[in-house]
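# Inside the fold
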Amino acid sequence: MSRYQEIQNELNAVSPAPLDLPKLYFLGDTGAGKTTIIRKLLGTEENKFPTTRQKRTTVAPTEYVIRNGTGFDLTVVLKPLSEIEGYVDEILKDAIGKFYKDRAKEKIVKNIRQTSDQRFRLYYLLSTEFSGQIADQIANLLPALEDGVRAYQQDFPEDNDEIGIFVEFVISELGIPYSDIRNAVITEIQRLTAASCEGETLESEWRLYKYETTTREHFVKKCKELLSSEIDSISPVIEYARIRGNLRAPWLREGVEAIVIDGEGIGHDTKEAGQLDSRHYDYFYDSDAILLIEESKKPFVAGGKSALKSIFQRGYGDKLFLLFTKLDEVEPYDSEDPTDKDRIEDVRDGLANVLASLRDDGLDIEPDEKKILFLGSLQNEGMYEAGGQQVNQVFEQAHEMSRFRQSFVAPVYDFEMLSAFIVESTKKFNDLYRDMLSAQHWKTVEAFNRRMDMGIDGFRMFTPITDFEEKLNEEMESFIAKPIAWKQEVSDTLQRESLNSIRRQFNKLVIDFARHEIIKVPHQEWNAAYCYSGRGSTSLRRADIEAILKRSVPPFSTSERVKDFKDSVKRLLETAISNCEMA
């Protein structure tokens, strides 16, 4: 079971989402206007909720269950304490190492702000005064750090250029002086969590906190306290949130009920700009509509192109709505006084260029014209009439899509040919990670190891779940797209719809399989690799990680697990077909 599904089960036990409401997943680059549109849908612009910022705005994925009724409730899933402790360790050790190197005490507060991937923002939780106290305590470690590094230099004079590793060794040996700093930060986080969640604190497993009220004003204030992407919010310790109530802007049509999911933005780093992260696929599978939001004046410059490619390759094209925002900011080069029609034509030219580029990559896609929308004037309060009509139509179409059940006819495949489509994917995967493990800094490798030990899909460029799915899908697409026969004679349209259904099911099953094989099965080995310390630990950790990945995704030329692996992939595809037949 995926992390996403486990969270859904936890939430449904105390705050169930109505099964008959359509789900709309909002996906877009940072700054494209995704969260701004959700503000307008909820009618919470005056309250400035959800928070909108330019950099990695959405911290915890949030479901907004827009429904009729009088009450409001918010349920949040609190992260496990061990995960928070891991992030705090990572931040503190990195800050101590930087301080030893530059001796700049004034930079310590900045260096304890967040993890290097910006996914855990400690400065939201800690006051300026408290951060200053922690900085003072870190500065006081300098004499002990100098003594420890000097001792290592004397013991290993041939490694004097490895000062960073010596510092890491000394930090791990500091004992009480370091643990006092770490424990002070954890205690403060627990205090803040308890203050916001009526006594609930972080524990060894996920904990749920639920807030209920009949007053909209109090409710929105509580939501901001827990979920805002800003200082004085406990959002960094929240894994997921579900908000339920009659949160509906006046311009939405009467009776509109739906579940709107505001996920984490895309395109935060160069890797995601070219490859959509696997965390989005759970939402694709579970949603009735996917709204890919792009900025009109610069569409598809970050992660949008990879998202568009992934959506169609995995069989989710029928769910896609393309929503271009900030139309009023478009300035066509050949028009001094452009109309909206001119601006739309300019945006369509950009879309045509992206589709042509994807065709050059072997992917010929045609978005549904009825599902391409253009919005402007997002900076103004409310929603202008034409924009409101378009958004209302999206909700109507999503509602129809949630009730529509496609027919399915099963294809027939020659599974004896399957090996030829798998062998290249496993080789590419292992080559990629061998090269990355050799090239990346040891602290990055250690942080990646920590994420695997915590059961998190990846860290920065190390995304083995995404990479495995990507490499396998690249090869398997040719196999899936070309069955040797069909169990029944049907139209080309139904064949295409049936293959898309298989792609969706196969994608979900592959992601679950990858998490199981790469993270869950070798969990003890990930833990053992992370626990290495002292001289030689970097080489040992890299070697162990490479070995773990080779056992999880065996190269066909060397592994004894090849047959088992091939049979597993075959079962995934057979299960995907079977699931489609039973749907």
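Now for a quick tour of the structure.

Summed over all chains, the structure comprises three cavities of 30 Å³ or more. As a volume, the second largest cavity reaches approximately 40 Å³. Residue lining of the second largest cavity: Phe26, Ile37, Leu41, Leu291, Leu323, Val391, Val394 and Phe395, and that is the complete set. Counting residues per element, the ones that place at least two in the lining of the second largest cavity are helix H2 (34–42) and helix H14 (385–403). Along the lines of polarity and charge, the residues of the lining of the second largest cavity split into eight nonpolar, no polar and no charged.

Once that is clear, we can look at the packing of aromatic side chains. Two aromatic rings are characterised by how far apart their centres lie and by the angle between their planes. Applying the stated criterion across every chain yields a total of 26 aromatic pairs. Plain terms: the ring middles of tyrosine 413 and phenylalanine 479 are 5.1 Å apart, the flat faces sit at 20° to each other, and that makes the pair stacked. Here the residue tyrosine 413 occupies a position in the loop between strand S10 (411–412) and helix H15 (418–439), and phenylalanine 479 occupies one in helix H17 (residues 464–481), the gap between them amounting to 66 residues. A relative accessible area of 8% places tyrosine 413 in the buried class. What links up through ring pairs into an aromatic cluster is the set Phe429, Tyr433, Phe448, Phe462, Phe468, Phe513, Trp526 and Phe565. The ring of tyrosine 100 has arginine 103 sitting right over it, with the charged end atom 4.6 Å from the ring centre.

Take the packing of H17 against helix H18 (residues 492–520) next. Here H17 crosses H18 at 145°, and the two axes come no closer than 10 Å. You can see that H17 and H18 cross each other, and the crossing is right-handed. Together, Pro464, Ile465, Phe468, Glu469, Leu472, Met476, Glu477, Ile480 and Ala481 of H17 and Leu499, Ile502, Arg503, Phe506, Asn507, Val510, Ile511, Phe513, Ala514, Arg515, Ile518 and Ile519 of H18 make up the contact between the two elements. Across the contact of H17 with H18, the residue classes tally to 16 nonpolar, one polar and four charged.

Here phenylalanine 49 and proline 50 are connected by a cis peptide whose omega angle stands at -5°. Of note, proline 50 is situated in the loop between H2 and strand S2 (62–66). Here the phi dihedral of glutamine 118 falls at roughly 65°; this positive angle occurs in a residue that is not glycine. A positive phi angle is found at arginine 460, which is not glycine, with a value near 50°. By the secondary structure assignment, arginine 460 is in the loop between helix H16 (442–454) and H17. A residue is classified by how much of its surface remains accessible, and arginine 460, at 38% relative accessible area, is partly exposed.

Definitions and cut-offs
- Residues numbered from 1 in each chain as written.
- Predicted model: local features only at pLDDT ≥ 70, side-chain atom pairs only at ≥ 80, totals over all residues.
- Heavy atoms only, no water.
- 1 Å grid on protein atoms, 1.4 Å probe; cavity = no way out; pocket = protein on both sides within 12 Å on 5 of 7 lines; lining within 4 Å.
- Points joined across faces, edges and corners; volume = space filled by probe spheres on them.
- Helix = DSSP H or I, 4+ residues; strand = E, 2+ residues; numbered from the N terminus.
- Nonpolar A, V, L, I, M, F, W, Y, C, P; charged D, E, K, R; others polar.
- Phe/Tyr/Trp six-rings, centres within 6.5 Å; stacked < 30°, edge-to-face > 60°.
- Buried < 20%, exposed > 50% of the residue type's maximum accessible area, 1.4 Å probe, protein only.
- Lys NZ or Arg CZ within 6 Å of the ring centre and 35° of its normal.
- Axes fitted to C-alpha atoms, helices over the stretch in contact; angles between N-to-C directions.
- Left-handed = near helix turned anticlockwise from the far one by under 90°.
- Contact = heavy atoms within 4.5 Å.

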